[in-house]
Amino acid sequence: MKQVAWFFLVSSLIFSGCSKSSLSSSGSSTKVLRIFVSERTSNGNIGGVSNADAKCMTSDNYPGSGTFKALIGHSSQRLACDVSEDCSTSEVGRIDWPLKKNTPYYRLDGVTRIATTNALGLFEFDLAASISDDSAAVWTGLNSDFSINTGFNCTDWSDSGGAPSQGVTGESDSVEDISFDSNSTECSDTAHFYCVEQ
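Residues numbered from 1 in each chain as written. Predicted model: local features only at pLDDT ≥ 70, side-chain atom pairs only at ≥ 80, totals over all residues. Heavy atoms only, no water.

So, the overall build of the protein chain
Inclusion rule: Numbering of helices and strands runs from the N terminus, with a helix taken as a DSSP run of H or I at least four residues long and a strand as a DSSP run of E at least two residues long. For the exposure calls, accessible area comes from a 1.4 Å probe over protein chains only, and a residue counts as buried if that area is under 20% of its type's maximum, exposed if over 50%, partly exposed in between. Working rule for contacts: check all heavy atoms of both residues, and any pair within 4.5 Å makes them a contact. Only the protein chains shown count as cover for residues, and the accessible areas themselves come from Shrake-Rupley with a 1.4 Å probe.
If you tally the helices and strands in the protein chain, you get three helices and eight strands. In the protein chain, the succession of α and β elements from N to C terminus is α-β-α-β-β-β-β-α-β-β-β. Residue burial in the protein chain is summarised as follows: out of 198 residues, 42% are buried. Here the contacts in the protein chain between residues at least 6 apart in sequence split such that 59% fall between residues at least 24 apart. Taken as a whole, the protein chain presents about 9400 Å² of accessible surface, with 50% of it coming from carbon and sulfur.

The following block contains the structure:
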């Protein structure tokens with residue numbers, strides 16, 4: 001009887017550390033994380049980061065499980081690094097950045113790998129695959145190094161005016177840096193979001 005109890009004790013200790021959603025010692029996720037382009041669109045007056053996240057979670061192509069956040073830049077709510085830093089070498093000032101470090105990201109099929117982030121939790125270009133096969137303009141408010149473009153994020157996603165109010169959009173079917181930093185789009189126009197699984 002003691003041997004059986006010992007077996008179950010050891011087994012429970014071994015398997016308790018094997019959760020699919022646990023983080024490795026490098027900070028990367030051990031579960032398959034996905035990115036999709038939202039079906040929902042918005043003009044530049046998104047209403048901040050929380051509303052963009054909500055649009056991901058209520059999008060028609062939300063996969064039915066998982067928590068997704070919008071990959072957009074906001075000067076006080078979502079940053080890869082502080083505006084005074086070089087995001088390609090620093091994460092100082094990072095706020096609620098949705099990409100994890102050293103982690104592969106996939107399309108919703110869970111098979112097509114888009115890219116693996118580097119040690120700073122950023123994609124390097126070219127991507128292994130575009131985020132989508134379909135061409136769509138996607139709000140990002142980001143430069144190609146993932147720093148925030150403070151002059152082109154529709155005043156932190158509170159502005160739906162026409163020119164000169166603008167926000168950076170990316171091209172969803174590109175593997176190059178224009179997937180995040182392609183055009184300056186008038187905030188009165190509508191665009192989609194990149195939605196990143198957490």
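Considering the sheet that holds strand 3 (residues 104-106)
As a reminder of what qualifies: The pairing criterion for strands is at least two bridges between them, as found by DSSP. A fitted line through C-alpha atoms represents every axis, and for helices the fit uses only the stretch in contact; the resulting angles, taken between N-to-C directions, go from 0 to 180 degrees.
Judged by pairing direction, the sheet is mixed, and its five strands sit side by side in the order 2-8-1-3-4 without closing on themselves. Looking along the sheet, the strands with just one partner apiece sit at the ends: strand 2 (68-70) and strand 4 (113-116). For this sheet the average axis-to-axis angle between neighbouring strands, irrespective of direction, equals 30°. As judged from the three bridges shared by strand 2 and strand 8 (residues 194-197), these two strands associate in the antiparallel manner.

With respect to the side chain of T185
Note the following rule: Here a polar contact means two N or O atoms within 3.5 Å. Within protein one must be a hydrogen donor candidate and the other an acceptor candidate, and residues neighboring in sequence count only if both atoms are side-chain atoms.
Relative to the elements of secondary structure, T185 occurs in strand 7 (residues 183-186). On the basis of relative accessible area, T185 is assigned to the buried category, the value being 13%. One polar contact links T185 to T169, side chain to side chain, over a distance of 2.9 Å. Once residues within four sequence positions are removed from consideration, T185 is found in contact with W139, S165, Q166, G167 and T169.

Looking at the side chain of S165
Its place among the elements puts S165 in the loop between helix 3 (154-157) and strand 6 (166-171). For S165, a relative accessible area of 18% puts it in the buried group. Among the polar contacts made by the side chain of S165, one reaches the side chain of D159 at a distance of 2.7 Å. Sequence-distant contacts of S165, defined by excluding residues within four places in its chain, comprise D159, T185, E186 and C187.

A closer look at a negative patch on the surface
Just so we agree on the cut-off: Surface patches are defined over residues having more than 30% relative accessible area and no salt bridge, joining like charges when they lie within 9 Å and nonpolar side chains (Val, Leu, Ile, Met, Phe, Trp, Tyr) when within 5 Å. Salt bridges are identified by distance alone: a Lys or Arg side-chain nitrogen within 4 Å of an Asp or Glu carboxyl oxygen. Counting rule applied: Lys, Arg positive; Asp, Glu negative; His and chain ends not counted. The atoms used to mark charge sites are NZ of Lys, CZ of Arg, CG of Asp and CD of Glu.
A cluster of like negative charges, contributed by E39, D60, D134 and D173, occupies part of the molecular surface. Checked against the element boundaries, D60 lands in the loop between helix 2 (49-57) and strand 2.

A few points about the pattern of salt bridges
Summed over all chains, the structure comprises seven salt bridges. E197 is the partner of R34 in a salt bridge, and the nearest nitrogen-oxygen pair spans 2.8 Å. With R34 in strand 1 (residues 33-37) and E197 in strand 8, this residue pair connects regions lying 163 residues apart in the sequence. When its relative accessible area of 14% is taken as the criterion, R34 is described as buried. Residues K69 and D96 are paired through a salt bridge, measuring 2.5 Å at the closest nitrogen-oxygen approach. With a gap of 27 residues between them, K69 in strand 2 and D96 in the loop between strand 2 and strand 3 connect regions that are remote in the sequence.

Let's talk about the pairing of strand 4
Across a regular strand the side chains alternate sides, sitting on one face of the sheet and then on the other. In this sheet, strand 4 lies alongside strand 3 in antiparallel orientation, the contact comprising three bridges. Each bridged residue has a counterpart across the sheet, and for Y106 the counterpart in strand 4 is R113. The antiparallel hairpin formed by strand 3 and strand 4 contains six residues in its connecting segment, where G110 sits at a positive phi of about 70°.

Some details on the state of the cysteines
Cut-off, in case you're wondering: Cysteine sulfur atoms are paired as a disulfide whenever they fall within 2.5 Å.
For the structure on display, the rule yields three disulfides. Through a disulfide, C56 is tied to C195; the S-S separation comes to 2.1 Å. Here C56 and C195 share a disulfide; its torsion about the S-S bond, -85°, makes the bridge left-handed. Here the residue C56 occupies a position in helix 2, and C195 occupies one in strand 8, the gap between them amounting to 139 residues. C195 carries the same exposure label as C56, and that label is buried. Here C154 is linked by a disulfide to C187, with a sulfur-sulfur distance of 2.1 Å. Of note, the bridge from C154 to C187 carries an S-S torsion of about -100° and is left-handed in sense. With C154 in helix 3 and C187 in the loop between strand 7 and strand 8, this residue pair connects regions lying 33 residues apart in the sequence. Neither C154 nor C187 differs from the other in exposure class; each is buried. Of note for the protein chain: the bonded cysteines, numbered N- to C-terminal, pair according to 1-6, 2-3, 4-5.

Remember that the coordinates give geometry; whether it matters functionally is a separate question.
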